[in-house]
Structures are given as structure tokens and as C-alpha cells.
Amino acid sequence: VNFNERDITSSQVADWLSLAETRVKTPSELTATELQQFDDATADVVVVLGSDVVLPDIPTPTYYDPGYNDYYDPGTDTGDDYIPEDTPTPEPVIETPTPEPPIETPTPDPEPTPGPLPTEIPADHGGGPPPGQ
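Residues numbered from 1 in each chain as written. Predicted model: local features only at pLDDT ≥ 70, side-chain atom pairs only at ≥ 80, totals over all residues. Heavy atoms only, no water.

A.B. asks: Give me the overall build of the chain: which residues, what numbers.
C.D. replies: Secondary structure assignment for the chain yields 2 helices and 0 strands. Out of the 133 residues belonging to the chain, those deemed buried represent 8%. Across the chain, every contact between residues at least 6 apart in sequence was considered, and the portion connecting residues at least 24 apart equals 70%. By element, 55% of the accessible surface of the chain is carried by carbon and sulfur atoms, the whole surface being about 13000 Å². (Helix = DSSP H or I, 4+ residues; strand = E, 2+ residues; numbered from the N terminus. Buried < 20%, exposed > 50% of the residue type's maximum accessible area, 1.4 Å probe, protein only. Contact = heavy atoms within 4.5 Å. Areas by Shrake-Rupley, 256 points an atom, 1.4 Å probe, with all protein chains shown as cover.)

Quick look at the structure:
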């Protein structure tokens, strides 16, 4: 019985049991008695087998054994120089130097502009007595 529209799962189970797809039922195809008998809120697919069923050989499942570790970590030093054949040779890393920023030298303050040189003596003789007096 295919509850919750698990079409792929129910098809795979039917194929494994060598059943035709017409043998897979939906809840709407069941009688009230069958629905009461097989309805399980926790099940997506319910398989009903008769006493004359012959189950095919079930392959032994392969489980992960956490005690068995065959992972090769190239970053771990194992003491040997083993490198698998299909390990690519890493490209060399060429670091391009970063240029240093130019050193800025402060510009000195400009020298004050000198005043004009006197080229004539003022008419009042610069505030002093006229020459020769």
C-alpha cells in the first residue's frame, strides 16, 4: 500500500518482490476493513505478504566501519615518501612582491620674499637732515 505518494519507493519494492505495478495499491483503492487493518500513521509504504511468499535473497548491506580508515591525507606526515601515481604535481607558488609606497618628503616652507631694495633716496631724505647739513 502506497501511503503518502511514495511512488519511487513502492515501485522499487514491487520490482524487488517481482510484483506487477498493478499490485501496488493506494489508500483510495482499499476497502474500509483493509484501510483500518493496514493504515499506519508512521508508514509511507506498507508491504502485506502472504504465508506463501518466497522472498528473494537480500544482499548483505555494507556498513561503514568507523575503526577502518583508508583515507590518505597528503598533509599528514606518515614518515614515508609514498605519493600515489594519480596525485598531480602542485604548481609552484610564485609570490609577486608588492611595491613599497613612495616616501613622501614634506616640502619646506618657502623663504619670505625680501622687501624691495631702495633705489632712490626719498625726497625727505629718509626723515633725516639733508646731506651736507
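A.B. asks: Hey, could you go over the layout of surface pockets for me, with residue numbers and the actual values?
C.D. replies: In this approach a probe as big as a water molecule rolls over the atoms, and the regions it shows empty are the leftover space. Size it by volume and the largest pocket reaches roughly 510 Å³. For the largest pocket, the lining is made up of 22 residues, of which V1, L19, R23, V47 and V48 are closest to its centre. Sorting the residues of the lining of the largest pocket by element identifies α1 (7–16) and α2 (32–38) as the ones contributing at least two each. Ranked by residue count, the leading element in the lining of the largest pocket is α1, at 3 residues. Within the lining of the largest pocket, the residues separate by chemical class into 15 nonpolar, 3 polar and 4 charged. (1 Å grid on protein atoms, 1.4 Å probe; cavity = no way out; pocket = protein on both sides within 12 Å on 5 of 7 lines; lining within 4 Å. Points joined across faces, edges and corners; volume = space filled by probe spheres on them. Nonpolar A, V, L, I, M, F, W, Y, C, P; charged D, E, K, R; others polar.)

A.B. asks: Account for the pattern of salt bridges, with residues named and values stated.
C.D. replies: For the structure on display, the rule yields 1 salt bridge. D44 is the partner of R6 in a salt bridge, and the nearest nitrogen-oxygen pair spans 3.3 Å. Of this pair, R6 sits in the segment before α1 while D44 sits in the segment after α2, and the two are 38 residues apart along the sequence. Classification of D44 by relative accessible area gives partly exposed; the value is 31%. (Salt bridge = Lys/Arg side-chain N within 4 Å of Asp/Glu carboxyl O.)

A.B. asks: Go over a negative patch on the surface, please, and point to the residues and values.
C.D. replies: On the surface, E5, D7, D15 and E21 cluster together into a negatively charged patch. Locating D15 in the fold gives a position in helix α1. Looking at D15, the relative accessible area reads 61%, which means it is exposed. (Patch = residues over 30% accessible without salt bridge, like charges linked within 9 Å, V, L, I, M, F, W, Y side chains within 5 Å. Lys, Arg positive; Asp, Glu negative; His and termini not counted. Charge placed at Lys NZ, Arg CZ, Asp CG, Glu CD.)

A.B. asks: Before we move on, can you summarise the side chain of N2 with the specific residues and values?
C.D. replies: The residue N2 is located in the segment before α1 in this model. With sequence-adjacent residues up to four places away left out, N2 is seen in contact with D7, S10, V24, K25, T26, P27, D44 and V45.

A.B. asks: Explain unusual backbone geometry to me, using residue names and the numbers behind them.
C.D. replies: With the exception of glycine, the majority of residues adopt a negative phi angle, and the majority of peptide bonds are in the trans configuration. At S18, a position not held by glycine, the phi torsion is positive, near 60°. Within the fold, S18 resides in the loop between α1 and α2.

A.B. asks: Explain the nonpolar core to me, using residue names and the numbers behind them.
C.D. replies: Counting residues in hydrophobic clusters, the biggest one holds 6 residues: V1, F3, L30, F38, A43 and V46. Among residues more than four places away in sequence, those in contact with V1 are K25, T26, P27, L30, F38, D44, V45 and V46. (Core = buried A, V, L, I, M, F, W, Y, C linked by side-chain atoms within 4.5 Å.)

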